[in-house]
Amino acid sequence: MNDVLYSVDDAVATVTIDRPEAMNALTTRTKADLLEALTMASQDHAVRAVLLTGSGRAFCAGQDLNEHAANLEAGRGLNDTVRTHYNPIVRTIAEMGKPVVAAVNGVAAGAGAGLAFACDLRIASEKAKFAMAFGGIGLAPDSGTSWTLQRLVGLPRATELLLLGEPLDAARALELGIVSQVVPADELSATAHRLAVRLAQGPTSAYAATKRALEHAASSSLADALALEAELQDACVKTDDHLNATRSFLNKERPVFEGH
Ligand code: T3D
């Protein structure tokens, strides 16, 4: 991988978009690297949580507009990057059976914001900013933002943000519930890693079931949500983590989760 850094420690895979000279804007190569790194993290059983962040002063400025303009000029505007790249990346983040934390270190624009929104939790530096940049260049939302943003802030606010495109600073993003915590820039990496380690030491199978239940419930009837909860709970009840944690509770001990 050239444009994405990948490392694993404490059962946390850290995936860093690494094109700081271009605000981590996404070229075809960057998107391919990102998908490869996320797929690796998703498939590695030793990885129990994932941290997504960016190098330098940006989280991710979205589609690389230099490459995009060259494609448009060359008549390759319909290069299908949404289906080929953005959709699989977003689905890999959202559907992996382990928690994904975005450490938003700077601006997250367009598809870059979409990546952060697809994560399970977002923690931001005071320097973070979210910009729904799509409309500014005559595009509609992609990378799942039409789905994720309205679930984060509600339909009226999502409509306003996507139509007007006014950037949000970190404090406003916290107010709206887009991020769960804002920390000074020099504390972001350590704070986000601590959060990811905490998640990596949790009941991974139950977390996977939680993600699935939440995603399903977002567009199902109560009856269907109850049915899936029952199915998922049947599976959780059979895990070693559940048995051991129940025993630990009764023995007044702190549970140790192995993830299965
Ligand atoms: O088919 C398809 O591909 C559709 C898919 C679309 C998905 C999308 O993501 S659409 C949205 C694309 N992204 C944008 O429109 C964001 C454009 N950038 C900005 O609005 C601003 O640059 C930022 C809000 C991100 C940051 O603003 P600021 O003031 O902090 O920095 P800046 O001065 O504007 O940018 C710094 C440099 O980064 C600058 O280059 P320079 O002048 O120093 O050589 C700027 O051109 C470059 N840069 C920023 N964003 C991009 C970029 N270069 C290429 N692509 C970018 N997206």
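Residues numbered from 1 in each chain as written. Predicted model: local features only at pLDDT ≥ 70, side-chain atom pairs only at ≥ 80, totals over all residues. Heavy atoms only, no water.

Enquirer: Residues and numbers for the sheet that holds strand β6 (residues 107-109), please.
Expert: Spatial ordering of the open sheet is given by β4-β6-β8-β9, a layout of four strands whose pairing is mixed. Since the sheet does not close on itself, it has two edges, and those belong to β4 (58-60) and β9 (168-169), each with one partner. Two strands pair when backbone bridges link them, and β4 and β6 are joined in this way by two bridges, in the parallel orientation. Note that in β6 the partner of A58 across the bridge is V107. (Pairing = 2+ DSSP bridges. Helix = DSSP H or I, 4+ residues; strand = E, 2+ residues; numbered from the N terminus.)

Enquirer: Requested: an account of helix α9 (residues 204-217), with residues and values cited.
Expert: Taking 1.5 Å as the rise per residue, α9 with 14 residues should run 20 Å; its terminal C-alpha atoms sit 20 Å apart, in good agreement. Where α9 is buried, its residues touch α3 (81-95), β5 (100-104), α10 (222-237) and α11 (240-250). (Expected span 1.5 Å × (residues − 1). Contact = heavy atoms within 4.5 Å.)

Enquirer: If you had to explain the pattern of salt bridges to someone new, which residues and values would you point to?
Expert: Scanning all chains against the criterion turns up seven salt bridges. Between R19 and D64 there is a salt bridge whose closest N-O contact spans 2.9 Å. Highlighted residues: R19 in the loop between β2 (12-17) and α1 (28-43) and D64 in the loop between β4 and α2 (65-73), separated in sequence by 45 residues. By relative accessible area, which is 5% here, D64 ends up buried. Across the pair K211 and D120 runs a salt bridge whose closest N-O atoms are separated by 2.9 Å. Taken as a pair, K211 in helix α9 and D120 in the loop between α4 (111-118) and β7 (121-125) lie far apart in primary sequence, 91 residues in all. (Salt bridge = Lys/Arg side-chain N within 4 Å of Asp/Glu carboxyl O. Buried < 20%, exposed > 50% of the residue type's maximum accessible area, 1.4 Å probe, protein only.)

Enquirer: Which residues make up a nonpolar patch on the surface, and what values go with them?
Expert: Together, L65, I137 and L139 make up an exposed nonpolar region whose accessible area comes to about 260 Å². Owing to a relative accessible area of 42%, L139 belongs among the partly exposed residues under this scheme. (Patch = residues over 30% accessible without salt bridge, like charges linked within 9 Å, V, L, I, M, F, W, Y side chains within 5 Å. Areas by Shrake-Rupley, 256 points an atom, 1.4 Å probe, with all protein chains shown as cover.)

Enquirer: Requested: an account of the packing of aromatic side chains, with residues and values cited.
Expert: Scanning the model with the defined rule gives one aromatic pair in all. With 5.8 Å between their ring centres and 25° between their planes, F117 and F130 make a pair best called stacked. One end of the pair, F117, is in helix α4; the other, F130, is in strand β8 (residues 129-131), and 13 residues separate them in sequence. Residue placement shows R151 over the ring face of W147; its charged tip is 3.6 Å from the ring centre. (Phe/Tyr/Trp six-rings, centres within 6.5 Å; stacked < 30°, edge-to-face > 60°. Lys NZ or Arg CZ within 6 Å of the ring centre and 35° of its normal.)

Enquirer: Tell me about the confidence of the model for the protein chain, and please be specific about residues and values.
Expert: Residues with a pLDDT of 70 or more make up 99% of the protein chain, whose mean pLDDT is 96. Both scores are available for the predicted complex, with the pTM at 0.97 and the ipTM at 0.98. (pLDDT = per-residue confidence, 0-100.)

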